[in-house]
Amino acid sequence: MHALRHDILPPSGVEFATTLKLTPSTITGSSSQEKLPRVLTNVVVSRSNLLRIFEVWEQPPQISTYIEDERERRAHVRKGTEAVEGEVEMDDGGEGWVNMGSVKATAKKDPSIVSRFHFVREHTLHGTVTGMESVRIMSTYEDQLDRLLVSFKDAKIALLEWSDAAHDLVTVSIHTCNQSAGFIGQSSVQSRIACRPLSRCAALSLPKDAFAILPFFQTQAELDIMEQEQNHTRDVPYSPSFVLDLVNDVDERIRNVIDFVFLPGYNNPTVAVLCQSEQTWAGRLKEYRDTARLYIFTLDLMSRNYPIITAVDGLPYDSVSLLPCATSLGGVIVLTSNSIIYVDQAARRVALPVNDWAARVSDIPMPLADKDLGLCLEGSRLVFVDEKTFFVIRKDGMIHPIEIILDGRTVSKLVLLPVIAQTTIPAVAKLLNDDLLFVGSMVGPSVLMKTAREEVPLELPAQQTGAATAITLSDSMDLDDDDDLYGDSQTTAQATVGATSGTGAATKTRSIIHLSLCDSLPAYGPIADMTFSLAKNGERFVPELVAATGAGHLGGFTLFQRDLPTRTKRKLHVLGGARGIWSLPVRQSQRVNGLSYEKATGPFSAEIDTIILARMLILHQIATRTTRTDVSIPTRIPGTTISAAPFFQRTTILHVMTNAIRVLEPDGNERQVIKDMDGSLPRAKIKSCSICDPFVLILREDESIGLFIGETERGKIRRKDMSPMGDKVLLISHLVILRAVFFTDTIGLFDTEATETTPAAAHADKNTSTLQAAVAAGNRSQWLVLVRPQGVMEIWSLPKLTLVFSTTAISTLENILVDSRAPAALSLPQDPPRKPQDLDIDQILVAPLGETILVPHLFVFSRSGNMAIYEALPAPASTEQADPPLPNPRTCRVEETEKTVLAEHKRISRTFVPFVTSPNMECTLAGVFFTGDRPCWIIATDKGGLRVVPSGHTVVYAFTACSLWESKGDFLLYSDEGPTLLEWTPGVQLDSCLPYRSVPRSRAYSNIIFEPSASLIVAASSLQARFASYDEDGNIVWEPDGNGVSFPYADCSTLELISPEHWVTMDGYEFASNESVNSLTCVSLETTSTESGTKNFIAVGTTINRGEDLAVKGATYIFETVEVVSDPNWTPKRWYKLKLRVKDDAKGPVTAVCGINGYLVSSMGQKIFVRALDLDERLVGIAFLDVGVYVTSLRSMKNLLLVGDAVKSVWLVAFQEDPYKLVTLAKDVRRRNATTVDFFFAGGDLAIASEDEEGVLRLFAYDPSDPESRGGQHLLCHTEFHGHKECRSTIMIARRTKDEQLIPQAKLVSGFTDGSLSTLTPVDEAVFKRLQLLQGQLTRNVQHTAGLNPKAHRIVRNDAVSKPLSKSVLDGQLLSEFQVLGISRQNEITRQIGTERALVLHDWFSLIVPW
């Protein structure tokens, strides 16, 4: 049986991060224009196999008028400070001009600077990242850019650099160290990388106490010496790597390395290694304690000598990490579970205990801990914020500053200060520059904070107490609405840090640290469990994946949908039958003291005089909203509308019909009409047009074009001479408004002679940094895009019609479009007329995309159904070149960021419709909607880049953003459901592959199910409770016997009944404080209380922890959801409760439960039991079976049962009822770990899918006819596929293909601990052969990021077989690279495997639907 493994959602969160100057914008980022963002640095983050690159922008805060607009709209009164109509008001700027009837801008202006993340690139790698560092090589001194060093699982190091020509990362080299002696017999190794501050070398930790050292050249002298000694080539920036065996080469006592760091301030690379030569644990502390050691030694890379500078013995056994100190201090900070220790070069130790356990587990002399402290430092991260202050960020997000106190030049003590803030749960902490701190998290959002230090007089009362004022930065993350991202980011947390200073007459001061939240990267963390529920998208019920995500106070639910979730606000039946809808915000003239003026509005203000035009087959309608609910149609005009748009600064409407162009007043009256005539002869009908004030371009059915220009003074339009362009173009041509920051010579995008804007206009445009300012800017450069029949795209400047860009690569959708510098192409009429080709461009548009900064994008759609989206980028700076094939010509570059191929081209018109929306007060998005068959939203966010999200409709005929109902987030859409006014579901996040919403609950959940009879969610929360150990007689074994010592924590659980409509907890059940839930499922059991004889119940299996000395017990619970009478004031109206039917105690933990044929199957220790529910009161055992060691999962189908075991792999069991009996059909005889098992079938084929803790997917076959199965007793493992991440939860869903069969195929959806989702989809034999050949071509012929091998990434080491068993599962991550290749490259690859590109793409897109 064949299958495709495809990731539908990438990993979430940040595990590793580094800061560096990677992109050229960090070097040229300082701009003379105040309002343009300045790029401070790059932040590269990774999680599992996902690598993301961000820029940190420093810019003025976005000025939003949303709040003021809403306030004024609701009040419907003008404020007293504003000018009333007819009042003359002088300008505050002193220019003396007079504005009549205008209103002051009411937006609050914050002069401060804010720092924000901006997404640049992301890569899904064929390897698991284990560390990242910034390095500088010799070429760094030429371009001033850093290089990125990434380490991978199984000891691989890749050196990457930024290519401005490709606008992407390129691989410099990859180094593999898994052939060293330390890797013999190692199947999978996590390696950690560290780099010297001056980039002399990098070190990678290897198994068996060894380092792989990679030296880098920094000067020409080093390179010359290496060339003389080893005949080294100059092109390589490094010398050969070597393996440093710590035991043999440095000191034989360096064993069991815990952590290592490079120390700054030394001429030669100096390493501090924390190790534990004699391992111990809490039960052996009487014999072995303080077993950790610290060694500091120097690496002499030339002579290969490694002298030890400092050796420190007797560090606590629970030492976990090192933090190097600044050069002025020297030494390192050692973090342990109960204390923090400073060790200097002279082996002096200064300890700071944080609880009373520190003195009990270590003999190191240390001061007494504060009796009220009682902190735990497991999972903490350390980071220096200045030379003498570092932060301890605990696992609950609490931030403690620690001050290093000096006595002369010697450290005398460490001072722990009170908590100053609570942030995310940390995985990594990095100081980006002097005042920006980045805290990355694997289980929730990662935050960017600003630190500021201020000296405050000691006499202030607030400082005399020494109390800290804390700000909880996690509030905004818990709510996941980023309260502080676009609003007031000046909320600060203050704490007293630092000692008093000043002597004599000087005033004593204390240093205050301010912390403010700048930005965050949204994430939801690991997926513990998931289930499908029903949600409403518009008028349709759709499946929604509810996942239990996060950890600790960042826990909650994340709701995923395949399509962008929307909700219907109203139906507009009066617009029925429309095939084109335009919502046009225009200004209406008003009379003031006998003079006429336009009513001034904000750029996106919601005015009630919005006009909607609907194109019908015969009549044209103008509709306005007359009341708060309905739409009236005051004007009907015969004819067919092609397009409509605001004109003359939004004071009129330009209306294009099939044979005329009309200028209308806002009330619908006609101002001017121009018949499209050639003298007295009628021209061909107009089939499409593009309107951009003051230009109008029309395209006729005979493929001729016409250009009109508006005269603002006269308020009319006239024809424009088109002779420079030639007489014919193939398809629609669009005028675009692009800001001068992207289309002026000041950044070298176009030649100087092509720029039509004056320097003043260019200066004005460069100051438009926000979305509102960009639209309201008075002077904008305008360009015309043409596509000719021979596949040439041209960009012409307006109004002088000068050719500035030309390319022929648009027809094959190449990844990079470069100016060919060719003259204007000739597209003469052909006789007979040219027939349309598959690669002809059907639609083209240039429109801005973005959130805080708008970037122009080129949208292309061809007749064959290919859609490509390109981002406009400045050309890389280089010398003037005339040869186009050179990689760096001084031209404009447009880069492809997303490509989607549609299976076939439909007759329904497909068009790109740009829009601007404000889904909430803090966010304004510019995007594009693609109408027609299978419509989609195209958006770009600051944190996630460009995304193409399906809308969920079968077909959309017309679309427009609409503010007619006084909301900036409304859309008017005519689809298969009729004309509808809708809006996005509040809180939806669009920065991932699937749109999702977060439901914060301030606690994590371990299990979740959907109860179908009442449509409710049942979830088991994962909490911590104090644990006390008792003996068999009930006497307490141990009690806290000192200050700073307390009871330990143990897992406990509660059961919650939740309404998925409002996410309200209706009822719950609390288990004992030492009882936790292992398994939760909804089972159908036989009962006499219903007519059908069966009913859904909630089955729960638990573990009762009784300490180390007593055996673990468990219990099985059966709950029923019952409806109760609700209070009329409650929401929701129908109310349910959990009713406990049965509690059945067990002698061991109940680790898995499921239902089979109306009976309950549960595991207890090494047995599984089948029980019946008797009288809804008790469970009666009817069958049992001895299985493996620890049952991890149970799955049933009909009378078949799958048993997954932690040691004994997979068992296939059959259940019979007469007599009751469990029979073992087959089992896997090899010792393997199975965390999840599932049935996997398609047609007449059946396989068993299992996954283990390492992420290995195995497919087993039950085939009694195979001799190797020993008559069917053994399950045959015919496929092994390495996923490199642990699966926690799987769901089997139905997959129905076009050739509908009685039994659908099974599709598996898996959730992983890194937050990713993947699907396992059955593949037909013919399709599998094609895609397998394609997979081989992609492995060999495509450049993979970091030079990693996709085939080796999926191979599972198995000594029992002669060759890997990975051929029956296709790698979706590798196959997805095919769709982003250019068409010519796709044709070349498919030609080599004897198939067609369109057929391969059709196969691919039929398999990757999420669900």
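Here the residue numbers are simple positions, counted from 1 along each chain's written sequence. Reporting of local features is limited, given that this is a predicted model, to residues whose pLDDT is at least 70; pairs of side-chain atoms are given and counted only at 80 or more, and all residues count toward the totals for whole chains, interfaces and linings. Side-chain figures throughout are based on the complete set of non-hydrogen atoms in the structure, without hydrogens or water.

(A) Spatial organisation of the overall build of the chain. For the purposes of this entry, the term helix denotes a DSSP run of H or I that reaches at least four residues, the term strand denotes a run of E that reaches at least two, and both are numbered from the N terminus. In terms of helices and strands, the chain carries 14 helices and 96 strands. Per-residue accessibility, obtained with a 1.4 Å probe over protein chains only, is compared with the maximum for each type, and a residue is labelled buried under 20%, exposed over 50%, and partly exposed between these values. The burial tally for the chain puts 57% of its 1411 residues in the buried class. For the area figures, the Shrake-Rupley method with a 1.4 Å probe applies, and any residue is considered shielded solely by the protein chains shown. Of the roughly 58,600 Å² of accessible surface on the chain, a fraction of 50% belongs to carbon and sulfur atoms.

(B) Fine view of the pattern of salt bridges. A side-chain nitrogen of Lys or Arg and a carboxyl oxygen of Asp or Glu constitute a salt bridge if their distance falls within 4 Å. Tallied over the entire structure, the rule returns 52 salt bridges. The partner of Arg348 in a salt bridge is Asp344, and the shortest N-O contact between them spans 3.6 Å. For Arg348, a relative accessible area of 34% gives the class partly exposed. Classification of Asp344 as buried rests on a relative accessible area of 10%. Put simply, Asp1228 and Arg1232 hold a salt bridge, and the shortest N to O gap is 2.7 Å.

(C) Main features of the side chain of Thr128. Here Thr128 is to be found in the loop between β7 (114-124) and β8 (129-135). Overall, the relative accessible area of 11% leaves Thr128 in the buried class.

(D) Seen up close, the confidence of the model for the chain. Each residue carries a pLDDT value, the predictor's own confidence for that position, ranging from 0 to 100. The pLDDT averaged across the chain works out to 80; a share of 80% of its residues lies at or above 70. Under a pLDDT of 50 for its full length, residues 76-111 has, in the predicted model, 48 contacts with residues more than four places off or in other chains. Overall, residues 878-906 carries pLDDT values under 50, and its contacts beyond four positions in sequence, including any with other chains, amount to 102 contacts. Contacts are assigned to residue pairs with any non-hydrogen atoms lying within 4.5 Å of each other.

(E) Structural detail: the sheet that holds strand β72 (residues 996-1000). In short, DSSP must find at least two bridges between two strands for them to pair. Taking strand neighbours across the sheet as the criterion, the four strands line up as β35-β36-β37-β72 in an open arrangement whose pairing is antiparallel. Either end of the sheet is taken by a strand with one partner, and the two such strands are β35 (527-537) and β72. Taking the axes of each pair of neighbouring strands and ignoring which way they run, one obtains an average angle of 25 degrees across the sheet. All axes here are fitted lines through C-alpha atoms, helices being fitted over the stretch that makes contact, and every angle between N-to-C directions spans 0 to 180 degrees.

(F) A look at the environment of Ala940. Assignment of secondary structure puts Ala940 in strand β67 (residues 936-941). For Ala940, a relative accessible area of 9% corresponds to the buried category. Spatially, the C-alpha atom of Ala940 lies 6.9 Å from that of Glu851, the residues being 89 residues apart in sequence. Those residues in contact with Ala940 that lie beyond four places of it in its chain are Leu849, Gly850, Glu851, Leu925, Gly945 and Leu946.

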